[in-house]
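An overview of the molecular structure
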Amino acid sequence: MVSLRRKEPIKESLMKEFFFEKFANSKSFSDFLRSNKNKKSFFIKHMNLMKSYYRSYIMKQRRFSKVKTVQAPLSILSLPLTNEYQSQGMYVGEISIGTPPQSFSVMFDTGLSDLWVPGSSCSSCYQVNKFNSTQSSTWKNIGNPYSIDYGSSEASGTDGSDVVNVGGLSVPGFIVNVITSESDYTDEDDDGVIGLGPQNNSYQTPHSPTFIQSLQELGIIENAIFSLYLAPGSNVGSQLII
């Protein structure tokens, strides 16, 4: 806010031009005076009002000139999610891994930061879709052990890296944990989990960047943020928005 105590001198010529352009529709100050019989008294009487209004106008112009217009970033991804477990609030969406891409329905977990899917060699894995690393030309085996305990179920395997695509956004060399053994994991509607949580919510050693962080590092998104729209009372209509 501009303080009224520090009044700057008003340039009378600019003030007159402003006032009469706005209110008198006249070409000049003298034109306006000629249209009034008592020129001098009219001018004196209205000069203070003119100054006050003009000063207010200038302050508003300065205030608005300092306002910066910031365009909100547009989302580049809107991925449909399905609430397959309405009583538990677990949301499933489609991703792909490898070259050529192998498709999986995975749970988007905000409490985990890892990506894991069952491997083709896992005889105890209940899921329908299993990742076959030998069929991907971009797969690189790393071999670090991976294990996760859900309390009621457990999964373990080893890691590697490959191209991961979520809704058309691809991250090459992303860490994929391939499960080779499961116990008591019998959810038919998802093939695995992709984590959206903080990087330190990882069962990997060492912790690797999350998928959202990787998008930022590649310059695909400006900030490592996302949002979720969870459709109330329905198993369809929810979305992951990046």
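Predicted, not measured: the structure shown is a model, and the values here were computed from it.

Of the regular secondary structure elements, the protein chain holds four helices and ten strands. Of all intrachain contacts in the protein chain linking residues separated by at least 6 positions in sequence, the fraction that spans at least 24 positions is 61%. Carbon and sulfur atoms form 51% of the exposed surface of the protein chain, whose accessible area is close to 14700 Å².

Across all of its chains, the model carries three aromatic pairs by this definition. Here the aromatic cluster, defined as three or more aromatic residues joined through ring pairs, consists of Phe-104, Phe-131 and Trp-139.

Moving on, we get to the nonpolar core. Judged by nonpolar contacts, the single largest core of 28 residues is most densely connected at Ile-97, Phe-108, Leu-115 and Val-166. Residue contributions to this core peak at five residues, all from strand β7 (residues 169–183). The residues touching Ile-97, leaving out its near neighbours within four places in the chain, are Gln-102, Phe-104, Leu-115, Val-117, Phe-131, Asp-162, Val-163, Val-164 and Val-176. Counting residues in hydrophobic clusters, the runner-up holds ten residues, among them Leu-112, Cys-122, Cys-125 and Ile-179.

A few words on a nonpolar patch on the surface. On the surface, Ile-76, Leu-218 and Ile-220 cluster together to form a nonpolar patch covering roughly 250 Å² of accessible area. Within the fold, Leu-218 resides in the loop between α4 (211–217) and β9 (227–229).

Here we come to the state of the cysteines. By the definition in use, this model includes one disulfide. Paired by a disulfide, Cys-122 and Cys-125 hold their sulfur atoms 2.0 Å apart. For the disulfide bridge between Cys-122 and Cys-125, the dihedral angle about the S-S bond is near 85°, and by the sign convention the bridge is right-handed.

Turning next to unusual backbone geometry. That bond from Thr-99 to Pro-100 is cis: its omega, -5°, falls within 30 degrees of zero. Assignment of secondary structure puts Pro-100 in the loop between β2 (90–97) and β3 (102–109).

Take the environment of Ile-148 next. Structurally, Ile-148 is set in strand β5 (residues 140–149). For Ile-148, a relative accessible area of 1% translates into the label buried. The spatial distance from the C-alpha of Ile-148 to the C-alpha of Ile-179 is 9.8 Å, given a sequence separation of 31 residues. When neighbours within four sequence positions are excluded, Ile-148 is seen to be in contact with Leu-112, Trp-116, Ser-153, Glu-154, Ala-155 and Tyr-203.

Take the pairing of strand β8 (residues 192–195) next. Side chains Gly-192 and Ile-194 of β8 all project onto a buried face; the interleaved residues Val-193 and Gly-195 project onto the opposite face, where all are buried too. With four bridges joining them, β3 and β8 adopt parallel strand pairing. In the sheet register, Met-107 faces β8, and the bridge partner there is Val-193. As paired strands, strand β4 (residues 115–118) and β8 are joined by two bridges and run antiparallel to one another. Within β8, the residue paired with Trp-116 across the bridge is Val-193.

In the predicted model, the protein chain carries a mean pLDDT of 79, and the fraction of residues at 70 or more is 66%. When the elements of the protein chain are averaged for pLDDT, helix α2 (residues 29–34) gives the smallest value, 54, and strand β6 (residues 154–166) the largest, 95. In this model, residues 1–7 is a region of pLDDT below 50 whose contacts with residues beyond four sequence positions or in other chains number three contacts.

Looking now at the pairing of β6. Where β2 meets β6, three bridges bridge the pair, whose relative direction is antiparallel. Looking at β6, one finds that Ser-96 is bridged to Asn-165. Both β5 and β6 contribute to a ladder of seven bridges, which runs antiparallel. When the bridges of β6 are listed, Asn-141 appears paired with Gly-160. Between β5 and β6, which follow one another and run antiparallel, lie four residues, and Gly-151 among them has a positive phi close to 90°. Hairpin connection between β6 and β7: a loop of two residues separates the two successive antiparallel strands, and Gly-167 in this loop has a positive phi of roughly 60°.

Procedures and definitions
Residues numbered from 1 in each chain as written. Predicted model: local features only at pLDDT ≥ 70, side-chain atom pairs only at ≥ 80, totals over all residues. Heavy atoms only, no water. Helix = DSSP H or I, 4+ residues; strand = E, 2+ residues; numbered from the N terminus. Contact = heavy atoms within 4.5 Å. Areas by Shrake-Rupley, 256 points an atom, 1.4 Å probe, with all protein chains shown as cover. Phe/Tyr/Trp six-rings, centres within 6.5 Å; stacked < 30°, edge-to-face > 60°. Core = buried A, V, L, I, M, F, W, Y, C linked by side-chain atoms within 4.5 Å. Buried < 20%, exposed > 50% of the residue type's maximum accessible area, 1.4 Å probe, protein only. Patch = residues over 30% accessible without salt bridge, like charges linked within 9 Å, V, L, I, M, F, W, Y side chains within 5 Å. Salt bridge = Lys/Arg side-chain N within 4 Å of Asp/Glu carboxyl O. Disulfide = S-S within 2.5 Å. Pairing = 2+ DSSP bridges. pLDDT = per-residue confidence, 0-100.

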